[in-house]
Amino acid sequence: MKNLLYYYKKALKKGFALGAFNFSSLEVLKAITYTAEKLKSPVIVAVSEGALDYMGSDFVVENVKIVKKNCKTPIFLHLDHGKSFDVCKKAVDLGFDSVMIDASALPFEENVSLTKQVCDYAHKKGIFVEGELGQLAGIEDNVDVENNHFTDPQKAKEFVKLTNVDSLAVAIGTSHGAYKYQGESKLRFDILQEIEKKLSGFPLVLHGASSVNENYVEIINKNGGSINNAKGVNEELTKMAVQMHNVVKINIDTDLRMAFTAGVRQSLNEKPENFDQRKYCLLGQKYVENVVEHKIKNLLNSENKL
Ligand code: G3H
Ligand code: 13P
Ligand code: ZN
């Protein structure tokens, strides 16, 4: 099978990105991979440390193995936001295709040293490593834009050279979760451009890329939920990062969680007598498939890119 780096290079050349979709249940894993297979789109399935604990590492690895065997489209298993050498080592040893070491909260030198330690170990086994520099935080109204949580382009260049990392997550204005902005969403394309000047042709990653579809928020709220003031990043902006920049991996979790919750709530509300989770999860799974299809076709442009 062609490896992840092959697809990063192809994505850089052809102006698409791989979706890195988080999952923490079999239903969501099935929805992501079913859709990727249908659309012939390479895809990354990502698990956080929390998701790994929740599902159990054997469940994750064995189920992804089965899915890979049954799919023609390349599916890459990725550790999202590994915080220590040990958790990254465990993922490498378990057979993950790629790991992220997120030491972005540490001072630069410590981030370099931990990221390099993970790279040295993972690379010996042919596993790819994503590092992160800068801190994800939304640009909220009244926040000083000179805030230094954005990725420093010069430091990014040094970081890649010192660590030998394969891809880099950058902070340009996205943030995790459903409450990213108070006002309009903004991304610092000027910083992205500076990073690209320093790191020509290097694969970059955008975390916190969920757009928070109002439709699913409405379904959740209509069916007993209470989600207020949720705001994601405008998809036109993330699309620009894919089409005009070197962003080859886009991380999406919140949008899938919202879609799944909307489906489950709607289904339970419509059929209050049902207590069979295989039935009420189906609509959740369907909504996740719809989101993944939308992202592949409209944001990532990764359809038919095997
Ligand atoms: O980037 C974070 C992901 O959305 C995973 O979140 O740690 O709650 O599983 P989690
Ligand atoms: P969202 O919360 O925007 O979906 O971001 C997910 C993410 O970055 C996972 O690493
Ligand atoms: Zn993330």
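We now turn to the structure provided with this report. On a predicted model such as this, the values are computed, not experimentally measured, just so you know. (Residues numbered from 1 in each chain as written. Chains lettered and ligands numbered in written order. Predicted model: local features only at pLDDT ≥ 70, side-chain atom pairs only at ≥ 80, totals over all residues. Heavy atoms only, no water.)

## Observations regarding the overall build of the chain
Secondary structure summary: the chain contains twelve helices and eight strands in total. With the principal axes as the frame, the chain shows a C-alpha extent of 60 × 45 × 35 Å. Counting only residues that meet the buried cut, the chain has 58% of its 306 residues in that class. When contacts within the chain are restricted to residue pairs at least 6 apart in sequence, those whose partners lie at least 24 apart make up 76%. Accessible surface, the chain: about 14000 Å² in total, of which carbon and sulfur atoms supply 48%. Counting 39 positive and 39 negative side-chain charges, the chain places the centres of these two groups 8 Å from one another. (Helix = DSSP H or I, 4+ residues; strand = E, 2+ residues; numbered from the N terminus. Buried < 20%, exposed > 50% of the residue type's maximum accessible area, 1.4 Å probe, protein only. Contact = heavy atoms within 4.5 Å. Areas by Shrake-Rupley, 256 points an atom, 1.4 Å probe, with all protein chains shown as cover. Lys, Arg positive; Asp, Glu negative; His and termini not counted. Charge placed at Lys NZ, Arg CZ, Asp CG, Glu CD.)

## Comments concerning the pattern of salt bridges
Applying the stated criterion across every chain yields a total of 18 salt bridges. Taking the shortest distance from any N to any O, the salt bridge between Lys-65 and Glu-62 comes out at 3.4 Å. Taken together, the residues span about one helical turn, with Lys-65 and Glu-62 both in helix α4 (residues 57-70) at a distance of three residues. Given a relative accessible area of 40%, Glu-62 falls into the partly exposed group. In this structure, the salt-bridge partner of Arg-257 is Asp-253, at a minimum N-O distance of 2.9 Å. In this structure, a network of salt bridges that share partners links the residues Lys-38, Glu-293 and Lys-297. (Salt bridge = Lys/Arg side-chain N within 4 Å of Asp/Glu carboxyl O.)

## Concerning the site of ligand 2
The environment of ligand 2 is formed by 15 residues, the closest being Asp-80, Lys-180, Ser-210, Asp-253 and Thr-254. One of the backbone nitrogen or oxygen atoms of Gly-177 is found 2.8 Å away from an oxygen atom of ligand 2. Considering ligand 2 on its own, with 310 Å² of exposed area, one finds that the protein chains cover 97% of that surface. If you list the elements that add at least two residues to the shell around ligand 2, you get β3 (75-82) and β8 (247-252). (Near = heavy atom within 4 Å. Polar contact = N/O pair within 3.5 Å; in protein donor to acceptor, adjacent residues only side chain to side chain.)

## Here we look at the coordination of the zinc ion (ligand 3)
Coordination sphere of the zinc ion (ligand 3), protein contribution only: His-81 (NE2), His-176 (NE2) and His-207 (ND1), at 2.1 Å. We classify His-176 as partly exposed; its relative accessible area is 44%. Using a relative accessible area of 1% as the deciding quantity, one classes His-207 as buried. (Donors = N, O, S within 2.8 Å, 3.2 Å for Na, K, Ca; no water.)

## Considerations on the nonpolar core
Among the nonpolar cores identified, the biggest contains 88 residues, and Phe-23, Leu-168 and Ile-250 are the most heavily contacted of them. Among the elements that take part in this core, helix α12 (residues 277-300) stands out by supplying eight residues, more than any other. Residue contacts for Leu-168: discarding those within four places in its chain leaves Gly-131, Glu-132, Leu-133, Ala-156, Phe-159, Val-160, Leu-199, Phe-202, Pro-203, Leu-204 and Val-205. Within the second largest apolar cluster, eleven residues are counted, among which are Leu-4, Leu-18, Ile-44 and Phe-76. (Core = buried A, V, L, I, M, F, W, Y, C linked by side-chain atoms within 4.5 Å.)

## Observations concerning the packing of helix α2 (residues 26-39) against α12
For the pair α2 and α12, the least separation of the axes is 8 Å and the interaxial angle reads 40 degrees. Put simply, α2 runs oblique to α12. Like other packed secondary-structure pairs, α2 and α12 cross with a definite hand, here right-handed. Residues Glu-27, Val-28, Lys-30, Ala-31, Ile-32, Tyr-34, Thr-35, Ala-36, Lys-38 and Leu-39 of α2 touch α12, and the partners they reach there are Cys-281, Gln-285, Val-288, Glu-289, Val-292, Glu-293, Ile-296 and Lys-297. In the contact of α2 with α12, the residues fall into ten nonpolar, two polar and six charged. (Axes fitted to C-alpha atoms, helices over the stretch in contact; angles between N-to-C directions. Parallel < 35°, antiparallel > 145°, perpendicular 65-115°, else oblique. Left-handed = near helix turned anticlockwise from the far one by under 90°. Nonpolar A, V, L, I, M, F, W, Y, C, P; charged D, E, K, R; others polar.)

## Side note on the site of ligand 1
With respect to spatial proximity, the complete set of residues near ligand 1 consists of Asn-22, Ser-48, Asp-80, His-81, His-176, Asp-253 and Arg-257. Ser-48 is positioned such that a nitrogen or oxygen atom in its side chain is 2.6 Å from an oxygen atom of ligand 1. Here an oxygen atom of ligand 1 and a side-chain polar atom of His-176 are 3.0 Å apart. When isolated, ligand 1 has an accessible area of 310 Å², and the protein chains bury 62% of it. Grouping the amino acids of the shell around ligand 1 by side-chain chemistry returns no nonpolar, four polar and three charged.

## Description of α2
Helix length check: α2, at 14 residues, gives a terminal C-alpha distance of 20 Å against a target of 20 Å (1.5 Å per residue), a fit within 8%. For α2, the secondary structure elements touched by its buried residues are β1 (18-22), β2 (43-48), α4, β3, α11 (254-270) and α12. Following α2 by one or two positions, Lys-40 has its phi on the positive side, about 55 degrees. (Expected span 1.5 Å × (residues − 1).)

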